[in-house]
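# A structural walkthrough
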Amino acid sequence: MLATVTSSSPARTAPEPARPEPDHAAHPAPARLDPRDRSVITLLLISAFVVILNETILSVALPRIMHDLTIDASTAQWLTTAFMLTMAVIIPITGFLMQRLTTRQMFSTAMTLFTVGTAICALAPSFAPLLAGRVVQASGTAMMMPLLMTTVMQIVPPSLHGRVMGNISIVISVAPAVGPTVSGLVLSVLPWRFLFVLVLPIAIGALALGVRRIENVGETSHTRVDILSVLLSGIGFGSLVYGLAGLGGGHDAAAAQHTSSTPLIVLAVGAVVLALFVLRQLSLQRRDAALLDLRTFASKNFALSVILMVLMMGAMFGMIVLLPIYAQSVLGLETVQVGLMLLPGGLVMGLAAPVVGRLYDRFGPRPLLVPGLLLVVTGMLVLSRIGTETTPLLIVGGHLLISVGLACVFTPLFTNALGSLRPQLMSHGSAIVGTVQQVAGAAGTAVMVALMVAGSAAAQADGATPAQGIVHGTATVFLIGAGLALGSAVVALFVTRNPGESGAPETGSEEALEPEHEPGQGRAATAR
């Protein structure tokens, strides 16, 4: 590299002592991150981990809550379903909110909502206040993740994107994965209210520190909100998540066997409304007024990464639900044992994510995505070998393989997707990624549970016992999952490195860094 520069630029090579300069010039950004920016990112990461953890922390606490509040299973499931619904409704509008509010205002609003919601849940004397607290919690959580991703992509140099997004992957993928484990450990020694009591001082501390330390990033605009888009978004995404959760029996296998036709009707309504929402956004984005700008999909890397994200997020959330069903119903394990069994995979995910981020900065996405997806394939195949007397070690091993594979996948996908967008589309891209997480989680759970129930019913029709039926259904799901992961590995071959990142050319064919606009529009968005 030095020889090339020397031959093409003789004037620069004349002073021999200036040899170190090319090294600094070639690597200006990776040297270090500004201490102020580092503290902002650290605070956002801690806050986001706490709020995202609450998405799955109640999954193993529902039996205790049902007993204490004297409610049935279908009612208790609303504590998780309402959280998902609220996230699905709020996240799509965060792209607009981040254009209107400053970084500090967004953070303060998100953490205030989460803190108030947590306090309500901790003090709730009955089910209704507890449900209301979960909705308020979810409203803050929905705002936090897009804020974190957008802020990081704006203040971190492209050559450091992978390293920092690796830490964000811990929040996005590990927090939901370890939620049931944390819940199981807390519930083994304390009442369920302490799931909120223990989080409350952390939330208050993060809010107080953030109000003082968070710096405003980027510029705000005074774009008017399109009320029709907000309504279409809320009804469309809300119906989609509710319908999918209903098909999955509210994360309950037995309930899924008796699912009515209502979720299908809700899904159909959601699909129609979302189609209208898309048409509305395509019309509004011509004058840069879309609630959720779909020009993000003009980027090949963004579109492919979102597709892979849907498949892998669905696999992760489905696995989080399916393995406990199998372990408790067939192997007879206790809740705490199930949580400890899945803990190694969550820890490995967290430890691997920063390393994967550094490797992304050095090698780009493809050398990580393909091996990672092949590890997911291998782990799925291992779990497809389960039986009625399978040792928990086999489950831990399969789960570990999948967790390592997902760690190699999520960081490159998040980084590559958002890194392919120009700054004016970053908030919309973050909102889309957050929405995809919710829909993919609901879809993965619904599809995996539905397939498991169908496989179980087919096996029992042939004379299998209920336990044998669950084994057959679960093994079939993991076998199908292995096939989907293998197909995803093929798709990953078409994901390329974004221009401007470390080791990537300065120019390229990636169109979303400067997507096509109709005449007179491109500069307007940039000026904003």
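Notes on the structure in this doc start here.

The rules we used
Residues numbered from 1 in each chain as written. Predicted model: local features only at pLDDT ≥ 70, side-chain atom pairs only at ≥ 80, totals over all residues. Heavy atoms only, no water. Helix = DSSP H or I, 4+ residues; strand = E, 2+ residues; numbered from the N terminus. Buried < 20%, exposed > 50% of the residue type's maximum accessible area, 1.4 Å probe, protein only. Contact = heavy atoms within 4.5 Å. Areas by Shrake-Rupley, 256 points an atom, 1.4 Å probe, with all protein chains shown as cover. Axes fitted to C-alpha atoms, helices over the stretch in contact; angles between N-to-C directions. Parallel < 35°, antiparallel > 145°, perpendicular 65-115°, else oblique. Left-handed = near helix turned anticlockwise from the far one by under 90°. Nonpolar A, V, L, I, M, F, W, Y, C, P; charged D, E, K, R; others polar. Patch = residues over 30% accessible without salt bridge, like charges linked within 9 Å, V, L, I, M, F, W, Y side chains within 5 Å. Salt bridge = Lys/Arg side-chain N within 4 Å of Asp/Glu carboxyl O. Core = buried A, V, L, I, M, F, W, Y, C linked by side-chain atoms within 4.5 Å. Expected span 1.5 Å × (residues − 1).

## Comments concerning the overall build of the protein
Across its full length, the protein carries 23 helices and 0 strands. Within the protein, the proportion of its 528 residues that are buried is 55%. Long-range contacts, defined as pairs at least 24 residues apart, comprise 82% of the intrachain contacts of the protein with a sequence gap of at least 6. Of the roughly 21600 Å² that the protein leaves accessible, carbon and sulfur atoms contribute 67%.

## Details of the side chain of Thr-94
For Thr-94, the position within the fold is in helix H8 (residues 94–100). Not counting the four nearest positions on each side in its chain, Thr-94 is found in contact with Ala-142, Met-143, Pro-146 and Ala-431.

## Focus on the environment of Thr-150
Tracing the backbone through its elements, the reader meets Thr-150 in helix H10 (residues 127–155). Thr-150 sits 276 residues away from Met-426 along the chain, and the two C-alpha atoms are 6.0 Å apart. Those residues in contact with Thr-150 that sit more than four places away from it in its chain are Met-98, Met-426, Ser-427 and Ser-430.

## Observations concerning the packing of helix H4 (residues 35–53) against H10
Packing of H4 against H10 brings their axes to within 10 Å, and their N-to-C directions diverge by 155°. Taken together, H4 and H10 sit at an angle that is classed as roughly antiparallel. When you trace H4 past H10, the crossing you get is left-handed. Along its contact with H4, which presents Asp-37, Ile-41, Leu-44, Leu-45, Ser-47, Ala-48, Val-51 and Ile-52, the element H10 presents Thr-141, Met-144, Met-145, Leu-147, Leu-148, Thr-151, Val-152 and Ile-155. Each residue belonging to the contact of H4 with H10 can be placed in one class, and the counts come to 12 nonpolar, 3 polar and 1 charged.

## Some remarks on a nonpolar patch on the surface
On the surface, Val-225, Ile-227, Leu-231, Ile-235, Ile-265 and Val-269 cluster together to form a nonpolar patch covering roughly 530 Å² of accessible area. It is helix H14 (residues 227–247) that contributes the most residues to the nonpolar patch, 3 residues altogether. With respect to the helices and strands, the residue Val-225 is situated in the loop between helix H13 (200–213) and H14.

## A word on the pattern of salt bridges
For the structure on display, the rule yields 3 salt bridges. Across the salt bridge formed by Asp-226 and Arg-280, the nearest N and O atoms sit 2.7 Å from each other. Remark: Arg-280 occurs in helix H16 (residues 262–284) and Asp-226 occurs in the loop between H13 and H14; sequence separation between them is 54 residues. Since its relative accessible area comes to 15%, Asp-226 is described here as buried.

## Side note on the packing of H14 against H16
Taken N-terminus to C-terminus, the directions of H14 and H16 make an angle of 150°; their axes are 7 Å apart at the nearest point. The angle between H14 and H16 falls in the class roughly antiparallel. The element H14 and its partner H16 pack so that their crossing is left-handed. Looking at the contact of H14 with H16, its residues break down into 17 nonpolar, 8 polar and 1 charged.

## Observations concerning the nonpolar core
Ranked by size, the top nonpolar core spans 150 residues in total, and within it Ile-65, Met-111, Leu-130, Met-144, Met-145 and Ile-168 carry the most contacts. Excluding residues that lie within four positions of it along the chain, Leu-130 makes contacts with Ile-65, Leu-69, Leu-79, Cys-121, Ala-124, Trp-192 and Phe-196.

## Description of helix H7 (residues 78–90)
The end-to-end C-alpha distance of H7 is 17 Å, a good match for the 18 Å that 13 residues give at a rise of 1.5 Å each. Of all the 13 residues making up H7, 11 are buried; the element is thus mostly covered by neighbouring parts of the structure. Looking at H7, one finds that the buried residues are Leu-79, Thr-80, Thr-81, Ala-82, Phe-83, Met-84, Leu-85, Thr-86, Met-87, Ala-88 and Ile-90.

## Here we look at the side chain of Ser-305
By the element assignment, Ser-305 lies in helix H17 (residues 300–329). A relative accessible area of 0% means that Ser-305 is categorised as buried.

## Considerations on the environment of Leu-486
The residue Leu-486 is located in helix H22 (residues 466–492) in this model. For Leu-486, a relative accessible area of 45% puts it in the partly exposed group. Between the alpha carbons of Leu-486 and Leu-375 there is a distance of 9.7 Å; along the sequence they are 111 residues apart. Excluding residues that lie within four positions of it along the chain, Leu-486 makes contacts with Leu-374 and Val-377.

Distances and angles like these do not, on their own, reveal function.
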